[in-house]
Amino acid sequence: MKNLSSEQIRKEFLEFFKSKGHEILPSISLIPDDPQLLFTVAGMVPFKKIFWGLEDPKYPRVATVQKCIRTNDIENVGRTPRHHTFFEMLGNFSFGDYFKKEAIEYAWEFLTQRLEIDPSRLWVSIYKDDDEAFEIWTKDIGIDPRKIVRMGKEDNFWGPVGPSGPCGPDSEIFYDLKIPVKECPDPDKCTPACGCNRFLEIWNLVFTGLYQDENGNIGELKRKNIDTGMGLERIASVLQGVKSNFETDLFMPLIHKSENIFSVKYGAQESTDISMRIIADHARAATFLIADGVSPSNTERGYVLRRLIRRAVRYGQLMGADEPFLYKYVSTVEEIMGKSYPEIVERRSFIVETIKNEEERFLKTLDQGLAMVERIISTSKNISGEEAFKLYDTYGMPLDILLDISNEKNVQVDVESFNRHMEEQKRRSRENLGVQSFVDSIYESISNFKTEFVGYESFESESKIVAMISNGEETGSVLSGNEAEVIFDKTPFYAEMGGQVGDTGRCEFSGGYASVIDTYQKANLHIHKIKVESGTLRIGMNVKLIVDERRRKSIARNHTATHLLQAALQKVLGDHVRQFGSYVGPEKLRFDFTHNSPLTPEEIEKIIMMVNDEILKAIDVKTKIMPLEEAKKIGAMALFGEKYSDTVRVVFVDDFSKELCGGTHVSNTGEIGIFMITSERGVSAGVRRIEATTGTNVLKILLDQSKMIENLSSKLSCQKEEIENKVKILIDENQELIRENGTLRKNLILQNVKEQCENSRKNGKKFVITKVENLNSSDLRDVADDALRIFGKGVVVILQENDEKTTFIVKSTLNNANEIASNLSKHFGGKGGGKGEMAQGGWNGKVDTGKVEKILEELLK
């Protein structure tokens, strides 16, 4: 058997199937072009439409190494030798070309001849009724029938996905690890059917030759397909002679990284080993997800990424981590896999920043969340769904982390109630979203019709009314004063799409006119929302459509400026910048993009100047229709996650900007006039937002600012150029007044503390407790120092409450401040500590001086 690295295995696999006439295709993104899937979960995902008969194959036989993500078994990751969230699937596929015989022969040849695996170590399973596969395995391959296991539908039959669809039997190839397994009930008669982990499944061959209808009837497909999948991590463990996937060259460098960071040794303690394996797995998954454009958030893909990062942080904490560490693994992932996946090399710095920022964000709330868990379980063995939801919603603690903690603490979580709270939140979100709706069935009846768009060439068109809907019903006429949604055979009105708002304007007809309030798209139809101002609009009428030209030109200025802005952002900030959303209207443009830190004033100025330089050059803006693949080759930018047809429209601004876009633009950059950024801010983790505007909108802003400066000059009784210095003087004077006020407040507090110290001494107490308000940490320490000096010998505790959070400082001459702070915090579900003479702490909740006094009395007995 060959001893191959993971890199060599990928190469051997692809070269072998290339020699068998397969087209070698690259891995698609982890974000598939499939609304039914969050992630690419298997090697067949890129070919799903072909398997379903919805698309004809470009190649009859294909081979890939596909990166995949699955999180349905996340609780098993790190606890078993084989479970992962991110993994690679080696696959060969046939679309109506070869079938069972060749699929089996190729697999056997690759394993036994190319990889030189001992055939005596291989077993196979087949579907219980698949005699054809049995014949191929025994007669053509020559495998001992005793090493073929027939299994039922739950083990060896694939599909259909849903009530109907393609399906078929499969055959799995197993490698006999030949290791003693304690769980095996009968080692002498053990087979892959046993499930005792002696046999490792390494390759699944799916024979998709059948179709099941809605009634459960199964028939044969006209075009029979082959779909195979072999996990790279599993076959690597076989060829590298290790017991676990985590001991292969895909993971061990990451395990060694943990050994160095946490000063631990892999193999010394099972709980630590589990933590290291989880961190290694999640580091890979997070790296690849971010490289493919996912950012941490609380929805869909972003939430999965956030869970992975936060789960890794939690397991790092179990090994002593108290600061961000996961970002340090990105360079190791790059070393292992960068050669095969250049996207992680290209975006490495952005990936590092994104993970580190998310770690810092979680660490700020994790301690508070853990403290809340401690408070709950101190009085109960159950965490309610409401409490679990608060931990998720307020402290960012994913449910699976809470479940891990509950298992460690031997408490129960009401998952069912938690899920109800989650569904309720989603329901409220849907209600608040306010989705524009109309009668889909009516539009579906004319969905084969396509509105002809003539708006690139003209602001007007002679058109005919095809359909109208009013009050949710199809109608033949719309009277004056009423609104309707209208479809014309052709239109100059641009429908809202790609971030650009829809056009407005007029619809003139015999005997009246209507205002076009908005235009949007459904399938191939342009829907015009109109209000009839006079006359009666009737179906079949010939009308004249007129776009609001002034508004459209303002939109065009902002749209072309958006293209210039994106190009400038990439040139100034780096190639990691990707569009994450946009809005283009007549008054302004908004552009969301991937970047981890606020832009500096220097960067903003550089971007503004760069865009305006292109405007001043008065460059012709050109468009060209071309094949999608050609557009990609010339480097045209595309919106991440957007689905494009085989033919696309590319907008060129010389060599400065090339972008796939169906929107409307100026014909020359000089028409934009001027460009100004009005704001820059963060909108979510790893995503920034720029708002900007162009043309006369900029002039209006400048005029308003000029008026404001004039008013300030008048009110401050100074010249315009003196305003900045005058404001600085006023700020300094105000700061001095604030300082004086603070000193007075501090003196009043000290006077109160002095009285409490004297009372405590008179009563023979060893401690004094006082509550203060609105002090910063420095003043709080000063008050504690003064209080101890006044009190003399003993303990001083100064408490402060702010936004239902309590902080405190302990000063002591008895060398027990650390013990007091720790015990006091723990009692209220918080954290505290320090040194013998001074310590501090806090908790979530209000101050209860009575309880604090009782705790101190108990501690100082």
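It should be emphasised that the depicted structure is a prediction, and the values quoted were computed from it without experimental measurement. (Residues numbered from 1 in each chain as written. Predicted model: local features only at pLDDT ≥ 70, side-chain atom pairs only at ≥ 80, totals over all residues. Heavy atoms only, no water.)

Points about the overall build of the chain
- Helix and strand counts for the chain stand at 24 helices and 34 strands.
- Viewed in the frame of its principal axes, the chain has a C-alpha envelope of about 100 × 95 × 50 Å.
- A burial count over the chain gives 50% of its 861 residues as buried.
- A separation of at least 24 residues holds for 68% of the contacts in the chain among residues at least 6 apart in sequence.
- Here the chain displays about 41,800 Å² of accessible surface, and carbon together with sulfur accounts for 47% of that area.
- Side chains of the chain give 115 positive and 131 negative charges; the mean places of these two sets differ by 3 Å. (Helix = DSSP H or I, 4+ residues; strand = E, 2+ residues; numbered from the N terminus. Buried < 20%, exposed > 50% of the residue type's maximum accessible area, 1.4 Å probe, protein only. Contact = heavy atoms within 4.5 Å. Areas by Shrake-Rupley, 256 points an atom, 1.4 Å probe, with all protein chains shown as cover. Lys, Arg positive; Asp, Glu negative; His and termini not counted. Charge placed at Lys NZ, Arg CZ, Asp CG, Glu CD.)

With respect to the packing of aromatic side chains
- Using the criterion set out here, one finds 32 aromatic pairs in the structure.
- When the centroid spacing of 5.1 Å and the interplanar angle of 65° are considered together, the rings of Trp-123 and Phe-199 count as edge-to-face. Remark: Phe-199 occurs in strand 8 (residues 199-212) and Trp-123 occurs in strand 4 (residues 122-127); sequence separation between them is 76 residues.
- Look at Phe-262 and Phe-325: their rings are 5.2 Å apart centre to centre, the planes differ by 75°, and that puts the pair in the edge-to-face class. Taken together, the residues span a long stretch of sequence, with Phe-262 in helix 7 (residues 252-262) and Phe-325 in the loop between helix 9 (300-318) and helix 10 (330-337) at a distance of 63 residues.
- Judged by relative accessible area, which is 3%, Phe-325 ranks as buried.
- Members of the aromatic cluster, connected to one another through ring pairs, are Phe-13, Phe-16, Phe-17, Tyr-98, Tyr-106, Phe-110 and Trp-203.
- One cation-aromatic arrangement involves Arg-150 over Phe-134; the distance from NZ or CZ to the ring centre is 4.9 Å.
- Positioned above the aromatic ring of Tyr-513 is the side chain of Arg-506, whose terminal nitrogen or guanidinium carbon lies 4.2 Å from the ring centre. (Phe/Tyr/Trp six-rings, centres within 6.5 Å; stacked < 30°, edge-to-face > 60°. Lys NZ or Arg CZ within 6 Å of the ring centre and 35° of its normal.)

Here we look at the confidence of the model for the chain
- Mean pLDDT for the chain: 89, with 96% of residues reaching 70 or above.
- Across residues 430-441, where pLDDT falls below 50, the model places 9 contacts with residues more than four positions away in sequence or in other chains. (pLDDT = per-residue confidence, 0-100.)

Details of the sheet that holds strand 23 (residues 579-584)
- Here we have 4 strands laid out as an open sheet, ordered 23-24-29-28, and antiparallel in their pairing. Each edge of the open sheet carries a strand with a single partner, namely strand 23 and strand 28 (675-684). Strand-to-strand, the axes of this sheet are offset by a mean angle of 15°, without reference to chain direction. (Pairing = 2+ DSSP bridges. Axes fitted to C-alpha atoms, helices over the stretch in contact; angles between N-to-C directions.)

Some points on the pattern of salt bridges
- In total, this model carries 44 salt bridges according to the counting rule given.
- Among the ionic pairs, Glu-358 bridges to Arg-306, the shortest N-O distance being 2.8 Å. Residue Glu-358 is located in helix 12 (residues 348-377), and its partner Arg-306 is located in helix 9; the two are separated by 52 residues in the primary sequence. The pair Glu-358 / Arg-306 is uniform in exposure class, with both members buried.
- As a salt-bridge pair, Glu-549 and Lys-553 come within 3.0 Å of each other at their nearest N and O atoms. Within this pair, Glu-549 and its partner Lys-553 are both found in helix 17 (residues 549-573), separated by 4 residues, close to a single helical turn.
- Note on Lys-553: relative accessible area 41%, which makes it partly exposed.
- A network of salt bridges, in which partner residues are shared, links Lys-2, Glu-12, Glu-15 and Arg-114. (Salt bridge = Lys/Arg side-chain N within 4 Å of Asp/Glu carboxyl O.)

Notes on the sheet that holds strand 25 (residues 621-627)
- The 3 strands lie next to each other as 25-26-27, forming an open sheet whose pairing is antiparallel. The sheet is open, and its two borders are formed by strand 25 and strand 27 (657-660), each paired with just one other strand. Averaged over all pairs of adjacent strands, the angle between strand axes in this sheet comes to 25°, irrespective of strand direction.
- The strands touched by helix 17 are strand 25, strand 26 (647-653) and strand 27; relative to strand 27, the strand with the most contacts, the crossing angle is about 115°.

Remarks on the side chain of Ser-461
- The topology assignment puts Ser-461 in strand 13 (residues 460-470).
- In terms of polar contacts, Ser-461 uses its side chain to reach the side chain of Ser-463, at 2.8 Å. (Polar contact = N/O pair within 3.5 Å; in protein donor to acceptor, adjacent residues only side chain to side chain.)

Thoughts on unusual backbone geometry
- The linkage connecting Gly-159 with the following residue, Pro-160, adopts the cis geometry, with an omega of 0°.
- Along the chain, Pro-160 turns up in the loop between strand 6 (157-158) and strand 7 (165-176).
- In the Ramachandran plot, Asn-410 falls in the positive-phi region, its phi being about 60° despite a non-glycine side chain.
- Relative to the helices and strands, Asn-410 is located in the loop between helix 14 (399-409) and strand 11 (412-413).
- Positive phi, close to 50°, is recorded for Ala-618, a residue that is not glycine.
- Within the secondary structure layout, Ala-618 lies in the loop between helix 18 (601-616) and strand 25.

Overview of the packing of helix 12 against helix 13 (residues 385-395)
- In contact at an axis separation of 10 Å, helix 12 and helix 13 are set at 165° when each is read in the N-to-C sense. The angle between the axes of helix 12 and helix 13 places the two elements in the roughly antiparallel class. As helix 12 runs across helix 13, the sense of the crossing is right-handed. Together, Phe-362, Thr-365, Gln-368, Gly-369, Met-372, Val-373 and Ile-376 of helix 12 and Glu-387, Lys-390, Leu-391 and Tyr-395 of helix 13 make up the contact between the two elements.
- Taken together, the residues of the contact of helix 12 with helix 13 sort by class into 6 nonpolar, 3 polar and 2 charged. (Parallel < 35°, antiparallel > 145°, perpendicular 65-115°, else oblique. Left-handed = near helix turned anticlockwise from the far one by under 90°. Nonpolar A, V, L, I, M, F, W, Y, C, P; charged D, E, K, R; others polar.)

Quick notes on the nonpolar core
- Residues Leu-111, Trp-137, Ile-173, Ile-202, Trp-203 and Ile-235 are the most contacted members of the largest nonpolar core, which totals 115 residues.
- If one sorts the elements of this core by residue count, helix 8 (residues 270-291) sits on top with 12 residues.
- With sequence-adjacent residues up to four places away left out, Leu-111 is seen in contact with Glu-116, Ile-117, Leu-122, Ile-173, Ile-202, Trp-203, Met-230 and Ile-235. (Core = buried A, V, L, I, M, F, W, Y, C linked by side-chain atoms within 4.5 Å.)

Section: the environment of Lys-490
- If you trace the backbone, Lys-490 turns up in strand 17 (residues 490-491).
- Sequence separation of Lys-490 and Leu-780 is 290 residues, and the distance between their C-alpha atoms is 73 Å.
- Once residues lying within four places of it in the same chain are set aside, the contact partners of Lys-490 are Thr-451, Glu-452, Ser-461, Glu-462, Ser-463 and Leu-545.

A few points about the side chain of Gln-66
- Tracing the chain through its elements places Gln-66 in strand 2 (residues 61-69).
- A polar atom in the side chain of Gln-66 sits 3.0 Å from the side chain of Ser-27.
- Non-local contacts of Gln-66, meaning those with residues more than four positions away in its chain, are made with Ser-27, Ile-28, Ser-29, Thr-40, Ala-42, Gly-43, Pro-46, Phe-87, Glu-88 and Met-89.

Points about the environment of Ile-104
- Take Ile-104: it is sitting in helix 3 (residues 100-114).
- The buried category is assigned to Ile-104, whose relative accessible area is 0%.
- Counting along the chain gives 526 residues from Ile-104 to Glu-630, while the straight-line C-alpha distance between them is 37 Å.
- Those residues within four positions of Ile-104 in sequence are excluded, and the remaining contacts are Ala-133, Ile-136, Trp-137, Ile-141, Leu-205 and Phe-207.

Things to note about the pairing of strand 29 (residues 687-694)
- With 8 of 8 residues buried, strand 29 lies mostly within the body of the structure.
- Burial along strand 29 is two-sided: the residues Val-687, Arg-689, Glu-691 and Thr-693 and Arg-688, Ile-690, Ala-692 and Thr-694 are all buried.
- Summarising the sheet, strand 24 (residues 589-594) and strand 29 pair through 6 bridges and their orientation is antiparallel. The residue of strand 29 that forms the bridge with Thr-594 is Val-687.
- Of the strand pairs in this sheet, strand 28 and strand 29 are connected by 8 bridges, and their pairing is antiparallel. Each bridged residue has a counterpart across the sheet, and for Ile-677 the counterpart in strand 29 is Ala-692.
- A loop of 2 residues connects strand 28 with strand 29, the two strands running antiparallel in sequence, and Gly-686 in this loop sits at a positive phi of about 75°.

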